[in-house]
Amino acid sequence: MTNKKMILFAVLIMVGLGIIYLLFSRGRNKMVIDVEGFEVEYTSTGRKLTIEDIYDIELKNSAYDINDRLGEPDAWIGSGMPRPVYFLKDNKVVVFHFKYPAALEELIKIVLINENGESQIIKE
């Protein structure tokens, strides 16, 4: 083999290994959390919301008020009764429950769920 072929072969090997590393490293930031009976895939990269941000949300707000404050939900759960789900940066999930779920009006409960699936009501 000539030197040029060996260099090209080495470069191709390094590029291939780099691609494999990128594909496998993406999956490490993902986990599945059981959120009120629904499996939600949680991706931890780039999360900036904290539990303190959630404490600022007031009961009786609408989903639109919450959206204005926190941004778009990371996921929705529910079967006919949608509930927005937000991911926090410490591998926790928050679910908002509304008195009128079809209209997403009048927040009545905020539930915090840990990565192990344990839930706790933080406002009601």
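Only a predicted model underlies this, so the values are computations on that prediction, with no experimental measurement involved.

Caption draft 1: Highlighting helix α3 (residues 63-70). Within α3 the residues assigned to the buried category are A63, I66 and L70. Considered in projection along α3, the buried side chains sweep an arc of 60° and stay on one side of the axis. Exposed positions of α3 whose direction lies more than 90 degrees from the buried face are Y64 and D68. Two residues or fewer after α3 comes G71, characterised by a positive phi angle close to 95°.

Caption draft 2: Broad picture of the nonpolar core. With 17 residues, the main nonpolar core has I54, I66, L70, F96 and I110 as its most contacted residues. When residues of this core are traced back to their parent elements, those giving at least two are α2 (51-55), α3, β5 (93-100) and β6 (105-113). With twelve residues, the next largest nonpolar core counts Y42, I77, F87 and I113 among its residues.

Caption draft 3: Focus on the sheet that holds β5. Taken together, the five strands give an open sheet; going across it, the order is β3-β4-β5-β6-β7, and neighbouring strands pair in antiparallel fashion. The open sheet terminates on both sides in strands that have one partner only, identified here as β3 (75-77) and β7 (119-123). In this sheet, neighbouring strand axes are inclined to one another by 30° on average, regardless of whether the strands run parallel or antiparallel. Of the pairings in the sheet, the one linking β6 to β7 comprises four bridges and is antiparallel in character. Looking across to β7, one finds that I110 is bridged to K123.

Cut-off values and rules
Throughout this document, residue positions are counted from 1 along each chain, in the order its sequence is written. Where local features are concerned, this predicted model is filtered to residues with pLDDT of at least 70; where side-chain atom pairs are given and counted, the filter is 80 or more; whole-chain, interface and lining totals use all residues. Remark: hydrogens and water are excluded; side-chain values derive from all non-hydrogen atoms of the structure. For the exposure calls, accessible area comes from a 1.4 Å probe over protein chains only, and a residue counts as buried if that area is under 20% of its type's maximum, exposed if over 50%, partly exposed in between. A run of H or I in DSSP becomes a helix once it reaches four residues, and a run of E becomes a strand once it reaches two; helices and strands are each numbered from the N terminus. In this description, the arc belongs to the directions extending from the helix axis to the C-beta atoms. As used in this record, nonpolar core signifies buried Ala, Val, Leu, Ile, Met, Phe, Trp, Tyr and Cys residues forming a set joined through side-chain atoms within 4.5 Å. For two strands to pair, DSSP has to find at least two bridges joining them. Helix axes are fitted only over the stretch in contact, all axes being lines through C-alpha atoms; the angle between N-to-C directions runs from 0 to 180 degrees.

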